[in-house]
Amino acid sequence: ARLGLDLPMPALSVAVGVVTYNNPPEEVARCLESARLALAPLGGGLLLQLDNGAPLEPPPGVRRLAPRGNIGFGAGHNAMMQEAFAAGAELYIAANPDGFFHPRCIEALARMVEAAGREALVEARQFPAEHPKPYDPEGFDTPWASGACLAIPRAVWERIGGFDEGFFMYCEDVDLSWRARAQGVAVRLNPTALYMHAVTNRSTSAAAWRMMLASGRRLGAKWGSAAFRDWATAKLREAGESPAPLEEVAPVPEAWRAVAEFGHGFSFAEPRW
C-alpha cells in the first residue's frame, strides 16, 4: 500500500529536470531519452534542461531554459521547478545527467507519491550499487533523500520551498529532507524505482572535496552543529581555502534540530555497511 501498488495508474502531470555542467552530450541525451521512455506509462510529461556550463543543444521535445551562468545544483533545479509548476506539473523529478531511468522508475515514484497523499519526498533506488544510508524495509522512510533522482510534489514545494540556494553543490538535498521531516513531510526511498547511477568507484576530486566541505560548513551552521561547522572549516583551511563568513546563514528553529544527524560525517546517517 505504501508503494501504491494497489492504486490505479496515477493521474499526475510530471516534469523531469536535468541540470548540466559540461557533461558529454551523449550522456545528457541518454538521460533525457530514458526519462521520455519512463514518462510514457503516465501518458508523457514535461522534460526540462538547464545548462550551468557549456550550452548543450537538447534533444527534440525538451524545453531548455535560458542559461543563467553556473548557479549551482539547487538553484538550477529551483528554476526548473518554478517553470514546471507554472506549466501545470504536479510532480517534479530532479535527475542527475550522468544517470538514467529504468522504464518503470517514474511510474513507481509517482505511485509512492500518490500513496502518500502527495505529501512525501520520494527518492529512487540507485543501482548497480545503492547509497549506503538506511531506509525502513517495510515503511521505506529514510533519514534524507539523495537529489540524484528525487521526486518533489508540488504540494510539498508549496509548503516547504525548494532547495536552499546558499548551497552551491552538495548537502542541499540533506537540508531539503531535514526541512521536510521537521515540518511533518515524509521522506522515503522507493526500492522499486530504479535509477542507474554508476558512481560507486568514482574518486572525489580536490575541488569537489572543497565544495563538500563548504556546504557541510553551512549545513552545520544552519542546523546548530558548531562541532561539524568547525570541523569543516578546519578542513577547508587545510585544503588551502579561506572560508567566507557565515553571518548570513539563518539558523533553523530549535525544534527542527532533532531531525539532524551529524554523527556520521557526510553520510548524515548511520550507514548500512
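Here, the structure is the one placed above.
Residues numbered from 1 in each chain as written. Predicted model: local features only at pLDDT ≥ 70, side-chain atom pairs only at ≥ 80, totals over all residues. Heavy atoms only, no water.

**Student:** Quick rundown of the overall build of the protein chain? Include the residues and the values.
**Tutor:** For the protein chain, the count of helices and strands is seven helices and eight strands. Taken against the 2.2 N^0.38 rule, which gives 19 Å for 273 residues, the C-alpha radius of gyration of the protein chain at 18 Å falls within 12% of a compact globule. When its C-alpha atoms are laid out on the principal axes, the protein chain stretches across 50 × 40 × 35 Å. Evaluated residue by residue, the protein chain yields a buried proportion of 50% over its 273 residues. Of the roughly 11,800 Å² that the protein chain leaves accessible, carbon and sulfur atoms contribute 53%. Put simply, the protein chain has 26 plus and 31 minus side-chain charges, and the middle of one group is 1 Å from the middle of the other. (Helix = DSSP H or I, 4+ residues; strand = E, 2+ residues; numbered from the N terminus. Rg over C-alpha atoms; globule rule 2.2 N^0.38 Å. Buried < 20%, exposed > 50% of the residue type's maximum accessible area, 1.4 Å probe, protein only. Areas by Shrake-Rupley, 256 points an atom, 1.4 Å probe, with all protein chains shown as cover. Lys, Arg positive; Asp, Glu negative; His and termini not counted. Charge placed at Lys NZ, Arg CZ, Asp CG, Glu CD.)

**Student:** Can you lay out the pattern of salt bridges for me, pointing to particular residues and giving the numbers?
**Tutor:** Scanning all chains against the criterion turns up 23 salt bridges. With its nearest N and O atoms 2.9 Å apart, the salt bridge here joins E158 to R154. Pair noted here: E158 and R154 are both in helix α4 (residues 154–160), with a separation of four residues, about one helical turn. On the basis of relative accessibility, which here comes to 53%, the residue E158 falls in the exposed class. Within the structure, one salt-bridge network assembled from shared partners comprises D164, D175, R179, R218, K222 and E248. (Salt bridge = Lys/Arg side-chain N within 4 Å of Asp/Glu carboxyl O.)

**Student:** Before we move on, can you summarise the sheet that holds strand β4 (residues 91–95) with the specific residues and values?
**Tutor:** Sheet architecture is open: eight strands sit in the order β3-β2-β1-β4-β7-β6-β8-β5, paired in mixed fashion. At either margin of the open sheet sits one strand with a lone partner, and together these are β3 (62–64) and β5 (100–101). Set on the sheet, helix α1 (residues 25–39) makes contact with β1 (14–20), β2 (46–51), β3, β5 and β8 (186–196); between it and β2 the angle comes to about 160°. (Pairing = 2+ DSSP bridges. Contact = heavy atoms within 4.5 Å. Axes fitted to C-alpha atoms, helices over the stretch in contact; angles between N-to-C directions.)

**Student:** Account for the nonpolar core, naming residues and giving values.
**Tutor:** Ranked by internal contacts, the top residues of the largest apolar core, which has 38 residues, are V16, I93, F101, I106 and L109. Looking at this core, the elements with two or more residues in it are β1, α1, β4, α3 (105–115), β6 (120–127), β7 (149–153) and β8. Examining the composition of this core, we find that seven residues originate from one element, α3, more than from any other. Core analysis: the next-biggest nonpolar cluster, separate from the first, contains 27 residues, V19, L48, L50 and Y92 among them. (Core = buried A, V, L, I, M, F, W, Y, C linked by side-chain atoms within 4.5 Å.)

**Student:** Please provide a residue-by-residue account of the packing of aromatic side chains, values included.
**Tutor:** By the definition in use, this model includes 16 aromatic pairs. Seen from their ring centres, F101 and Y195 are 4.9 Å apart, and the 75° between their planes marks the pair as edge-to-face. Residue F101 is located in strand β5, and its partner Y195 is located in strand β8; the two are separated by 94 residues in the primary sequence. The residues F101 and Y195 share a single accessibility class, namely buried. For the pair F228 and W231, a centre-to-centre distance of 5.5 Å together with 40° between the ring planes defines the contact as tilted. (Phe/Tyr/Trp six-rings, centres within 6.5 Å; stacked < 30°, edge-to-face > 60°.)

**Student:** Any chance you could break down the side chain of D175 for me, citing the residues and the numbers?
**Tutor:** Among the secondary structure elements, D175 is positioned in helix α5 (residues 172–182). A residue is classified by how much of its surface remains accessible, and D175, at 0% relative accessible area, is buried. A distance of 2.9 Å separates a polar atom in the side chain of D175 from a polar atom in the side chain of W223. Excluding anything up to four places from it in sequence, D175 contacts D164, F167, L219, K222 and W223. (Polar contact = N/O pair within 3.5 Å; in protein donor to acceptor, adjacent residues only side chain to side chain.)

**Student:** I'd like to hear about α3, residue by residue, with values.
**Tutor:** Two residues of an α-helix separated by three or four positions point the same way, owing to the 3.6 residues in each turn. Counted residue by residue, α3 has nine buried out of eleven residues, so it is predominantly covered. Where α3 is concerned, the buried positions are C105, I106, E107, A108, L109, A110, R111, M112 and V113. Looking one or two residues beyond α3, the residue adopting positive phi is G117, at roughly 70°.

**Student:** Give me the lowdown on helix α2 (residues 73–86), citing residues and values where you can.
**Tutor:** Under the 1.5 Å per step criterion, the end-to-end length of α2 is 20 Å for 14 residues, consistent within 8% with the ideal 20 Å. Where burial is concerned, most of α2 is hidden: eleven out of the 14 residues are buried. The complete set of buried residues in α2 reads F73, G74, A75, G76, H77, N78, A79, M80, M81, A84 and F85. Buried residues in α2 make contact with β1, β2, β4, β7, α4 and α5. Residue G88 follows α2 closely and has a positive phi angle near 105°. (Expected span 1.5 Å × (residues − 1).)

**Student:** Tell me about the side chain of N52, and please be specific about residues and values.
**Tutor:** Residue placement: N52 occurs in the loop between β2 and β3. A distance of 3.1 Å separates the side chain of N52 from the backbone oxygen of G72, its partner in a polar contact.

**Student:** How would you summarise the environment of G161 if you had to cite specific residues and measurements?
**Tutor:** You can see G161 is positioned in the loop between α4 and α5. Along the chain, G161 and S215 lie 54 residues apart, while their C-alpha atoms are 19 Å from each other. If sequence neighbours within four positions are ignored, G161 has contacts with V156, L176 and R179.

**Student:** Describe the environment of E57, and please don't skip the residues or the numbers.
**Tutor:** Along the chain, E57 falls in the loop between β2 and β3. With 28 residues separating them in the primary sequence, E57 and A29 have C-alpha atoms 9.5 Å apart.

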